[in-house]
Amino acid sequence: MTVLIVEDDEIIREGLKFALLQENYEAVTASNVSEAMEQIQSRREIGFYLLDIMLPDGDGYQICREIRKCGNAPILFLTACEDEVHTVMALEQGADDYICKPFRIRELLARMKAILRRTSGKDGVSENIIQVGKNQINLQTGRVYSDKEEIVLTAMEYKLLLIFLNHRGQTLSRGQILEGIWDEAGDFVNDNTLSVYIKRLRKKLGDTPDGQLIRTVRGIGYRME
């Protein structure tokens, strides 16, 4: 798998490249937005993106939006900004996860692997195609369509969708949902970011004539109709 590393700090960039090569990834790099856009537009088969937020000629959000125009490859933000605003902005732009600098390489690799598992996992649902409102979820390919047009979901949004499908008609507490998306890098999925993921998933799936597909059950949690 090819990983694109977009990072303006040469030491971090080359260190990440070396670590990924040791894990049998192919790694390509960019030091700014312009170089990253060239890599994306060159139609290179990139399967994972590591994006710094602050770059000399722009920011990682621009790159994230460009990636999401044409696909749902996993995106993990590398950020020195620990405040909630930057976290929410990254997730709103379509990122799957973020990690704050300084970070340990092993933690980064664990998060990457967790995202890749969520991307390919089927989470125990047996049918190949499920109809939810106006949406068709193909569990064999991991793709979601609405009126024959593909809806691009991030790995975390798809994981959330599978959790709701496995408990359709049941009311799930926020704690139960968080448990369902927990993994060995688990504590980066918290209550605040869960709200962002659910908001994004609701927007992409749209409503039914009776209201939202994912309903809020006040004081308890959420239920998919």
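Residues numbered from 1 in each chain as written. Predicted model: local features only at pLDDT ≥ 70, side-chain atom pairs only at ≥ 80, totals over all residues. Heavy atoms only, no water.

(A) Representation of the environment of Glu 45 in the model. In this structure, Glu 45 sits in the loop between helix 2 (33-41) and strand 3 (48-52). For Glu 45, a relative accessible area of 67% translates into the label exposed. A C-alpha to C-alpha distance of 9.8 Å links Glu 45 and Leu 4, two positions 41 residues apart in sequence. (Helix = DSSP H or I, 4+ residues; strand = E, 2+ residues; numbered from the N terminus. Buried < 20%, exposed > 50% of the residue type's maximum accessible area, 1.4 Å probe, protein only.)

(B) Structural detail: the sheet that holds strand 11 (residues 149-151). If you trace the four strands from one edge of the open sheet to the other, you get 8-9-10-11, paired in antiparallel fashion. Bordering the open sheet on either side are strand 8 (129-132) and strand 11, each of which pairs with just one other strand. Recorded for the sheet is a direction-independent mean angle of 30° between the axes of neighbouring strands. Two elements, strand 8 and strand 9 (residues 135-138), share four bridges in a ladder whose sense is antiparallel. If you follow Ile 130 over to strand 9, its bridge partner there is Ile 137. (Pairing = 2+ DSSP bridges. Axes fitted to C-alpha atoms, helices over the stretch in contact; angles between N-to-C directions.)

(C) Local environment of the pairing of strand 16 (residues 221-224). One ladder, built from three bridges, connects strand 12 (residues 171-173) with strand 16; its direction is antiparallel. Of the residues in strand 16, the one forming a bridge with Leu 172 is Tyr 222. Hairpin connection between strand 15 (residues 214-217) and strand 16: a loop of three residues separates the two successive antiparallel strands, and Gly 219 in this loop has a positive phi of roughly 80°.

(D) Representation of the packing of aromatic side chains. Under the criterion given, the structure shown has one aromatic pair. With centroids separated by 5.7 Å and ring planes inclined at 50°, the aromatic side chains of Tyr 61 and Phe 77 adopt a geometry described as tilted. With Tyr 61 in helix 3 (residues 60-70) and Phe 77 in strand 6 (residues 75-79), the pair connects residues that are 16 residues apart, well separated along the chain. (Phe/Tyr/Trp six-rings, centres within 6.5 Å; stacked < 30°, edge-to-face > 60°.)

(E) How the structure looks around the packing of helix 2 against helix 3. Running from N to C, helix 2 and helix 3 cross one another at 10°; their axes reach a closest spacing of 10 Å. When the axes of helix 2 and helix 3 are compared, the pair comes out roughly parallel. Seen from helix 2, the contacting residues are Val 33, Ala 36, Met 37, Ile 40 and Gln 41; seen from helix 3, they are Gln 62, Ile 63, Glu 66 and Ile 67. Counted by class, the contact of helix 2 with helix 3 contains six nonpolar, two polar and one charged residues. (Parallel < 35°, antiparallel > 145°, perpendicular 65-115°, else oblique. Contact = heavy atoms within 4.5 Å. Nonpolar A, V, L, I, M, F, W, Y, C, P; charged D, E, K, R; others polar.)

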